[in-house]
Structure formats: structure tokens, C-alpha cells
Amino acid sequence: MKTDYIIVGGGLAGLCMAFTLYKANKTFVVIDGDIRSSSKVAGGMFNPVVLKRFTSIWESEAQLKLADDFYPQVEKFLDASFYHQMPIFRKFASIEEQNNWFLACDNSNTAPFLNPKLFNEQLKGIKSSFYFGEVYNTGFLNVNQFVISYQNYLKSINVLRSEYFDHKSLIINDSSIFYKDIEAKHLIFADGFSILNNPLFHYLPVDGTKGELLYVRIPDLKLKVIVKSGVFIIPIGNNLYKVGATYNWEDKTDATTEAAKKELIEGLEELLDCEYEIINRVAGIRPTVKDRRPLVGAHYQHENVYVLNGLGTRGVLLAPYLAEILLLNIENDVPLDKNIDVARYYKKLQLIK
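Quantities reported herein were computed from a predicted structural model and do not represent experimental measurements.

A. Just the overall build of the protein chain, in detail. Helix and strand counts for the protein chain stand at seven helices and 20 strands. Since a compact globule built from 353 residues should have a radius of gyration of about 20 Å, the 21 Å found for the protein chain is in line with a globular shape. Across its three principal axes, the protein chain shows a C-alpha extent of roughly 65 × 40 × 40 Å. By the burial criterion, 54% of the 353 residues in the protein chain qualify as buried. Pairs at least 24 residues apart make up 72% of the contacts formed inside the protein chain by residues separated by at least 6 positions. Taken as a whole, the protein chain presents about 16,700 Å² of accessible surface, with 48% of it coming from carbon and sulfur. Taken together, the 39 basic and 41 acidic charged side chains of the protein chain have centroids lying 1 Å from each other.

Dropping the structure here:
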């Protein structure tokens with residue numbers, strides 16, 4: 001069969017790339033056999049500010065604008081619901097944090113996203129001696145629901161192959177890509193942490209960061225906002241909440257751990273003033289990059305082979321934004337921003353001049 005694109009990876013990045021191609025009237029096949037996809041266990045919270053330090057995020061305004069259009073389009077297309085806009089309340093631990101918040105409210109980069117008036121009411125079930133700061137343009141994507149819904153649709157039209165990508169079956173020519181029975185013009189690897197097993201891109205500095213989440217039932221909480229303190233707590237309906245997340249740079253397994261459970265429980269109990277019940281625990285490996293910037297662009301030897309990776313903890317906003325940027329780069333030769341261009345590492349590794 002002939003197609004415009006092969007996408008390797010059916011997680012958040014690969015599926016956002018697929019829908020971007022669909023909107024551009026390009027044909028594609030998605031190949032995904034990776035049960036380790038971090039998308040299936042992602043918290044899915046999105047916001048335009050680093051909530052630990054109240055600093056701005058690269059191209060946050062453009063990312064938010066696109067996400068607010070992109071995900072509702074996918075919801076309508078699939079007749080599904082997974083994109084939820086909801087305020088984030090940042091719980092303050094001290095007067096110093098309140099002061100830092102006010103400083104950020106005076107910063108032109110962060111001011112559009114922060115409420116300069118503190119939320120000084122009590123939230124039932126939440127301990128809060130120093131109140132909260134409200135962040136605008138925030139919410140969460142039910143990433144697992146997004147992935148399952150879109151993958152099921154792609155299966156129904158026979159453009160998703162649930163199999164591991166066999167690099168030995170790949171032939172790359174200047175004008176075409178051949179993989180088994182598929183002939184394509186372009187090949188995009190959106191394979192997350194599995195990039196370390198990809199012979200074309202394994203040398204890139206993707207250092208997986210393990211994250212763990214709890215699903216808990218809290219009947220007395222009745223939250224209608226996301227609360228962020230040492231942990232975040234996201235209301236997902238029916239008295240259920242996501243609680244996360246941990247960061248482990250050493251453990252590369254998908255198994256949940258007692259250490260992470262203890263850390264999350266301590267954070268939750270520091271936040272809550274009511275009873276809770278743990279329903280489930282999940283773990284996954286985030287594809288993070290040493291300089292905390294994504295990896296986007298063409299292979300240094302093959303102009304028709306591309307990487308879309310390293311989205312880390314901000315995949316919900318980055319995935320549709322980077323997919324659009326990559327498509328413009330491929331189809332219209334629009335240069336990539338140097339902050340995300342994978343060529344920055346080709347130069348460091350002396351693969352190109």
C-alpha cells in the first residue's frame with residue numbers, strides 16, 4: 001500500500017501527529033506495539049506556568065491557543081470527551097511563596113495566566129493556612145481515553161497496526177520509505193522512551209523519568225478545581241481523583257513501587273483533611289531530554305526520516321503544537337526553532353558541522 005506518512009508510536013505525540021496529518025489531507029499509517037507508552041499512565045494536567053517557581057513556559061500562549069482548538073476538534077471527530085478545562089489552585093506553603101506569586105503577577109510573561117487576588121476561602125477537605133493562587137487557562141486531558149478512543153478509530157479504518165516496528169524490515173531511499181508492504185514518502189518516529197532501541201536515533205539524550213500516580217476515592221472532597229501542592233490532585237468524576245506525580249531518574253521499569261506510594265501518600269495526607277481510599281496505582285516512563293527541550297526534525301543522513309520526541313511532562317500542550325510545526329517543516333520547509341531542533345545535538349555529537 002502507498003501512503004504519505006508512516007508514524008511509529010501510537011501515544012500522545014504520534015496520535016496528535018496523525019490528526020494533524022488528517023487535517024492537512026495527508027494519508028498515514030500508525031504502527032504501535034509499545035505497551036510501555038507513558039501516555040497510558042499520564043496525569044494529563046496542563047498549565048502555562050511552572051508551578052514550583054512561578055516562571056513562564058516556552059511558547060505557552062501559542063501552545064494553549066492551539067490546544068484549545070485541537071482537542072475539541074478531536075473530541076467532536078470521535079464523539080468522545082477527554083479535554084477538560086478547569087482552574088488550578090496552587091496551594092501556598094508560606095508567606096514567601098505568596099510574595100513570589102505577586103512578583104510573578106507583575107511579570108509580563110506570567111501575568112496573563114495568574115490571578116493577582118489570592119483565593120482566601122477554604123476548600124472543604126483541603127488544609128490551607130496560606131491560601132491559594134489561581135492559574136488561568138489550565139485543566140487536564142484524560143490521555144488514556146484520548147489514546148484509546150483515537151486508536152480504536154484508526155483500527156476501524158485499518159490505518160493502525162498493533163505491532164512492534166521491525167527496523168530490519170525498513171528500507172530508506174532518497175525519495176521513498178519502504179516498510180514491509182508499505183511505501184511512504186515520510187517516516188516519523190514518535191516512539192517515546194523506546195527511542196533508546198531505535199538504531200536511527202538511539203544516540204539522542206532521551207533519559208526516561210519514571211512517574212507514578214495514585215487513583216483515590218474521596219467522597220467528602222467534592223473538588224471542582226485541580227489543587228497543586230507537593231502533589232497534584234485532579235477530580236475525574238464520581239468522587240475519584242488522580243494524585244501525582246513522582247520523579248525517578250534511576251528506575252526504568254513500569255512496576256509500581258512502595259517508595260513512590262509512600263511519597264504520594266505523604267503528599268496527599270499533607271494536603272487532605274478527610275478520609276480517602278486508594279483504588280489503583282500506575283507507573284510509566286516519561287521521555288525527557290537533558291536540556292528539557294523536545295527533539296524535533298529530520299535525521300542527519302535521511303531527509304525523509306524524522307523524530308518527534310522528548311515531550312516530558314508537558315506533552316498535552318506540546319504534542320499538537322510540535323506536530324503542526326513538524327508538518328510545516330516537512331511540507332513547507334519552514335525552519336524549526338533552534339530550541340527544539342534535533343540538529344542541536346547532531347552538532348554536539350559531531351554528526352554534522
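Here the narrative resumes.
B. Region of the structure containing the nonpolar core. Formed by 72 residues in total, the largest nonpolar core has its most connected members in Phe28, Tyr71 and Phe146. Broken down by element, the residue count for this core peaks at eleven residues, all from helix H6 (residues 315–332). Among residues more than four places away in sequence, those in contact with Phe28 are Thr3, Tyr5, Ile7, Ala18, Leu21, Tyr22, Tyr150, Leu154 and Val159. Within the second largest apolar cluster, 25 residues are counted, among which are Phe165, Phe201, Val206 and Val342.

C. Spotlight on the packing of aromatic side chains. Under the criterion given, the structure shown has 26 aromatic pairs. Geometrically, the ring pair formed by Phe19 and Phe77 is edge-to-face, given 5.6 Å between the ring centres and 65 degrees between the ring planes. Taken together, the residues Phe19 in helix H1 (residues 12–23) and Phe77 in helix H2 (residues 60–78) connect sequence positions 58 residues apart. Their ring planes at 75 degrees and their centres at 5.9 Å tell us that Trp58 and Tyr321 sit as a pair that is edge-to-face. Of this pair, Trp58 sits in the loop between strand E5 (55–56) and H2 while Tyr321 sits in helix H6; the two residues are 263 residues apart in sequence, bridging distant segments of the chain. Tyr321 carries the same exposure label as Trp58, and that label is buried. Through pairs of rings, three or more aromatic residues link up here, namely Phe19, Tyr22, Phe46, Phe70, Tyr71, Phe77, Phe82, Tyr83, Phe146, Tyr150 and Tyr153.

D. Looking closely at helix H4 (residues 143–156). For H4, spanning 14 residues, the distance from its first C-alpha to its last is 20 Å, which sits close to the expected 20 Å at 1.5 Å a residue. Taken as a whole, H4 has its buried residues at Val143, Phe146, Val147, Ser149, Tyr150, Gln151 and Leu154. Turning to H4, the residues buried within the fold contact H1, strand E2 (28–31), H2, strand E9 (139–141), strand E10 (160–161) and H6. Phi turns positive, to about 60 degrees, at Asn158, one or two residues after H4.

E. Looking closely at the packing of H1 against H6. For the pair H1 and H6, interaxial distance at closest approach is 8 Å and the crossing angle is 45 degrees. Considered as vectors, H1 and H6 are oriented oblique to each other. Two packed elements cross with a definite hand, and for H1 against H6 that hand is right-handed. Together, Leu12, Ala13, Cys16, Met17, Thr20 and Leu21 of H1 and Gly315, Val316, Ala319, Pro320, Ala323, Glu324, Leu326 and Leu327 of H6 make up the contact between the two elements. Per-class residue counts for the contact of H1 with H6 are eleven nonpolar, two polar and one charged.

F. Highlighting the sheet that holds strand E6 (residues 83–85). Read across the sheet, three strands follow the order E3-E9-E6 without closing on themselves; strand pairing throughout is antiparallel. Edge positions in the sheet fall to strand E3 (45–46) and E6, since each of these pairs with one other strand and no more. Pairing geometry for E6 and E9, over three bridges, is antiparallel. When the sheet's bridge partners are listed, His84 is paired in E9 with Phe140.

G. Just the pairing of strand E19 (residues 295–298), in detail. Where E19 meets strand E20 (residues 305–309), four bridges bridge the pair, whose relative direction is antiparallel. Of the residues in E20, the one forming a bridge with Gly297 is Val307.

H. Quick look at the side chain of Thr110. With respect to the secondary-structure elements, Thr110 resides in the loop between helix H3 (95–105) and strand E8 (132–135). The class of Thr110 is buried, set by a relative accessible area of 2%. At 2.6 Å, the side chain of Thr110 forms a polar contact with the backbone oxygen of Ala104. Residues contacting Thr110, with those up to four places away along its chain left out, are Phe54, Thr55, Ser56 and Ala104.

Conventions and cut-offs
- Residues numbered from 1 in each chain as written.
- Predicted model: local features only at pLDDT ≥ 70, side-chain atom pairs only at ≥ 80, totals over all residues.
- Heavy atoms only, no water.
- Helix = DSSP H or I, 4+ residues; strand = E, 2+ residues; numbered from the N terminus.
- Rg over C-alpha atoms; globule rule 2.2 N^0.38 Å.
- Buried < 20%, exposed > 50% of the residue type's maximum accessible area, 1.4 Å probe, protein only.
- Contact = heavy atoms within 4.5 Å.
- Areas by Shrake-Rupley, 256 points an atom, 1.4 Å probe, with all protein chains shown as cover.
- Lys, Arg positive; Asp, Glu negative; His and termini not counted.
- Charge placed at Lys NZ, Arg CZ, Asp CG, Glu CD.
- Core = buried A, V, L, I, M, F, W, Y, C linked by side-chain atoms within 4.5 Å.
- Phe/Tyr/Trp six-rings, centres within 6.5 Å; stacked < 30°, edge-to-face > 60°.
- Expected span 1.5 Å × (residues − 1).
- Axes fitted to C-alpha atoms, helices over the stretch in contact; angles between N-to-C directions.
- Parallel < 35°, antiparallel > 145°, perpendicular 65-115°, else oblique.
- Left-handed = near helix turned anticlockwise from the far one by under 90°.
- Nonpolar A, V, L, I, M, F, W, Y, C, P; charged D, E, K, R; others polar.
- Pairing = 2+ DSSP bridges.
- Polar contact = N/O pair within 3.5 Å; in protein donor to acceptor, adjacent residues only side chain to side chain.

By themselves, these figures tell us nothing about what the structure is for.
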